[in-house]
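# Overview (structure and organization)
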Amino acid sequence: MSSGYRYRGRLAPSPTGFLHLGHVSTFRVAQTRAEAAGGLLLLRNEDLDPLRSKVEFVEAMMEDLAWLGIEWEPPMVSQSQRVGLYRVAFEQLLEAGFVYPCRCSRKDLARMMHAPHEDADDEPVYDGRCRPSGESFSRSLVPEMNYRFLVPDGEVVRFADGNMGAQSFSAGVDFGDFLVWRKDGLPSYQLACVVDEAEMGITEVVRGADLLKSTARQLLLQRALDLPAVEYFHTRLMVDEHGARLAKRHDALAIQTLRQQGLSREDVLAMID
Ligand code: GLU
């Protein structure tokens, strides 16, 4: 075998809270798929949010993964240590004319969300008010400015998901010009994720179905940055008996809480199978 292909998956939790059953359900799928392929599972600490990320959650997440028997290949990668890498990619996008500065305030953006959203966690569809017209396109880097990806009008992103089948998302309906660089000097989740998948040599991304629209945006970034293609496998979200997403009931279903209540690893795994 000299094809050089080896499966590389990843776990990418954000240390903004304790891991809960929803994470475990996705992580178990990631673990099973990496094992079945005889590949590796890497761990990425998505700690780019300076206000919400906490070291205690990173420690708790490592402890929970070990307790659950979800093994990963060290070293752990922390996004907060890699801002230089993301910045290089951002400058490449800027020079190539894929992004533009946006002066909209949080208030402006909130107003753009006219109707209550199906998934309130997702970025609102931007109405394009800061989009450059004709020659006014500036390619220089202005400090303390948000930058958005200019999604071509009429763009439809299609991909075949390993679990959920054929997917199709349309610009202006499912997503708009999305954030790439933030005025606090940090990349958006979309940019950091795409740069990391490439740099870590990830071959398949396993994550929750709440991120399907993010995948559409990330495919546009991958294309713009000329990065290698990645496979996607989105897992269905766990819901309670009323159909509400489990992830929303964070604390009650945190692995730490379940452990403190005396549940064993087997008990916890039985809750997601
Ligand atoms: N860090 C994200 C989260 O915890 C997951 C990102 C991903 O898997 O791409 O929701």
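Residues numbered from 1 in each chain as written. Predicted model: local features only at pLDDT ≥ 70, side-chain atom pairs only at ≥ 80, totals over all residues. Heavy atoms only, no water.

### Remarks on the sheet that holds strand β5 (residues 146-149)
To keep it simple, the criterion reads: Note on pairing: DSSP must find at least two bridges between two strands before they are called paired. Each helix is a run of DSSP H or I of at least 4 residues and each strand a run of E of at least 2, with the numbering of both proceeding from the N terminus. A fitted line through C-alpha atoms represents every axis, and for helices the fit uses only the stretch in contact; the resulting angles, taken between N-to-C directions, go from 0 to 180 degrees. Note on contacts: a residue pair qualifies if any of its non-hydrogen atoms lie within 4.5 Å across the two residues.
Spatially, 3 strands are ordered β4-β5-β8 in an open sheet, and the strand pairing comes out antiparallel. If you trace the sheet from one side to the other, it starts and ends with β4 (99-102) and β8 (179-181), each paired once. Averaged over all pairs of adjacent strands, the angle between strand axes in this sheet comes to 45°, irrespective of strand direction. Summarising the sheet, β4 and β5 pair through 4 bridges and their orientation is antiparallel. Residue V99 lies in a different strand from β5, and its bridge partner there is F149. Set on the sheet, helix α3 (residues 83-95) makes contact with β4, β5 and β8; between it and β8 the angle comes to about 115°.

### Overview of unusual backbone geometry
Note the cis peptide between P74 and P75, where omega equals 0°. Locating P75 in the fold gives a position in strand β3 (residues 73-78). Positive phi values are uncommon outside glycine, yet E144 reaches one of about 50°. Looking at the secondary structure, you find E144 in the loop between α4 (106-112) and β5. The backbone phi angle of D226 is positive, close to 60°, even though this residue is not glycine. Mapped onto the fold, D226 is located in the loop between α6 (212-225) and β10 (231-235).

### Here's the deal with the pattern of salt bridges
Condition: Counted as salt bridges are all cases of a side-chain nitrogen of Lys or Arg within 4 Å of a carboxyl oxygen of Asp or Glu. The buried label applies to any residue whose accessible area, calculated with a 1.4 Å probe on protein chains only, is under 20% of its type's maximum; exposed applies above 50%, and partly exposed to all values in between.
In total, this model carries 18 salt bridges according to the counting rule given. Note that D196 and R44 form a salt bridge whose closest N and O atoms lie 3.6 Å from each other. Placement of D196 in helix α5 (residues 189-199) and of R44 in strand β2 (residues 40-45) is noted, with a sequence separation of 152 residues between them. Accessibility classification places D196 together with R44 in one group, the buried group. Linking R259 and D64 is a salt bridge whose minimum nitrogen-to-oxygen distance equals 2.8 Å. Residue R259 is found in helix α7 (residues 255-260), and its partner D64 is found in helix α2 (residues 55-68); the two are separated by 195 residues along the sequence. Looking at R259, the relative accessible area reads 24%, which means it is partly exposed. Look at D64 and you get buried, because its relative accessible area is 0%.

### Remarks on the sheet that holds β3
One open sheet holds the 3 strands; their spatial order is β1-β2-β3, and the pairing between them is parallel. Of all the strands in the sheet, the pair left with one neighbour each is β1 (8-11) and β3. Mean inter-strand twist for the sheet, computed between neighbouring axes without regard to direction, equals 30°. One ladder, built from 4 bridges, connects β1 with β2; its direction is parallel. When the sheet's bridge partners are listed, R10 is paired in β2 with L42. Its contacts with the sheet put helix α1 (residues 21-36) on β1 and β2, and the angle it makes with β2 is roughly 145°.

### Side note on the pairing of β10
Rules: Handedness of a crossover is defined as follows: orient the strands so they point away from the viewer, and if the path from the first strand over the helix to the second runs clockwise, the crossover is right-handed.
Burial runs high along β10: 4 of the 5 residues are buried. Two elements, strand β9 (residues 204-208) and β10, share 5 bridges in a ladder whose sense is parallel. Along β10, the bridge assignment pairs E204 with E231. For the segment spanning β9, α6 and β10, crossover handedness is right-handed.

### Examining the site of the ligand
This is how it is decided: One heavy atom suffices: a residue is near a molecule or strand as soon as one of its heavy atoms comes within 4 Å of it. A 3.5 Å cut-off defines polar contacts: any pair of N or O atoms within that distance qualifies, except that in protein one atom must be a possible hydrogen donor and the other a possible acceptor, and neighbouring residues in sequence count only when both atoms are side-chain atoms. Every accessible area reported is derived by Shrake-Rupley at a probe size of 1.4 Å, with residue values counting cover from the shown protein chains alone. Classes in brief: Ala, Val, Leu, Ile, Met, Phe, Trp, Tyr, Cys and Pro nonpolar; Asp, Glu, Lys and Arg charged; the others, Gly included, polar.
The full set of residues close to the ligand is R10, A12, P13, S14, E46, Y189, C193, R207 and L211. One of the side-chain nitrogen or oxygen atoms of R10 is found 2.7 Å away from an oxygen atom of the ligand. One nitrogen or oxygen atom from the side chain of Y189 is found 2.7 Å from an oxygen atom belonging to the ligand. Across the complex, the protein chains shield 77% of the 300 Å² of accessible surface that the ligand would expose by itself. The class makeup of the residues in the shell around the ligand is 5 nonpolar, 1 polar and 3 charged.

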